Amino acid sequence: MKSMDVFVCVNISDGLTEKEAELIAGTTFIQVKGEYVWRRLDALTFDDTQIEAHYTWGYDKTDLGHVYNMTADLTTLQITVDHCF
């Protein structure tokens, strides 16, 4: 388990759009897993207080059997990620 800062330039004080939620989720994914893995966003749910994103990922497109789940609490600005290796 480790901690890191993720910086995303969005204004969440005026409500959260789908594009902003996807940008936060995608930026977090890249920070955690890197740019050089294949990924597919399977589910994205959000409201003004929370984002949940579920990805399938792998080392190539035939290896998309790994899971990655992210929950972002927008009131505390904390993001929790669970993933397999």
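Residues numbered from 1 in each chain as written. Predicted model: local features only at pLDDT ≥ 70, side-chain atom pairs only at ≥ 80, totals over all residues. Heavy atoms only, no water.

Draft legend 1. View of unusual backbone geometry. Even without a glycine there, the phi angle at leucine 77 is positive, about 60°. Counting through the fold element by element, leucine 77 comes out in the loop between β3 (66-73) and β4 (78-83). On the basis of relative accessible area, leucine 77 is assigned to the exposed category, the value being 63%. (Helix = DSSP H or I, 4+ residues; strand = E, 2+ residues; numbered from the N terminus. Buried < 20%, exposed > 50% of the residue type's maximum accessible area, 1.4 Å probe, protein only.)

Draft legend 2. Just the nonpolar core, in detail. Counting 15 residues, the largest nonpolar core has Ile51 and Met70 as the members making the most contacts within it. Residue assignment for this core shows that the elements contributing at least two residues are α1 (18-33), β2 (50-58) and β3. Excluding residues that lie within four positions of it along the chain, methionine 70 makes contacts with Ile24, Ala25, Thr28, Ile51, Glu52, Ala53, Ile79, Thr80 and Val81. (Core = buried A, V, L, I, M, F, W, Y, C linked by side-chain atoms within 4.5 Å. Contact = heavy atoms within 4.5 Å.)

Draft legend 3. Spotlight on the environment of alanine 21. Tracing the chain through its elements places alanine 21 in helix α1. Of the residues examined, alanine 21 reaches a relative accessible area of 0% and is grouped as buried. For the pair alanine 21 and histidine 83, spaced 62 residues apart in the sequence, the C-alpha separation amounts to 19 Å. Not counting chain neighbours up to four residues away, the residues in contact with alanine 21 comprise Leu16, Leu44, Phe46 and Ile51.

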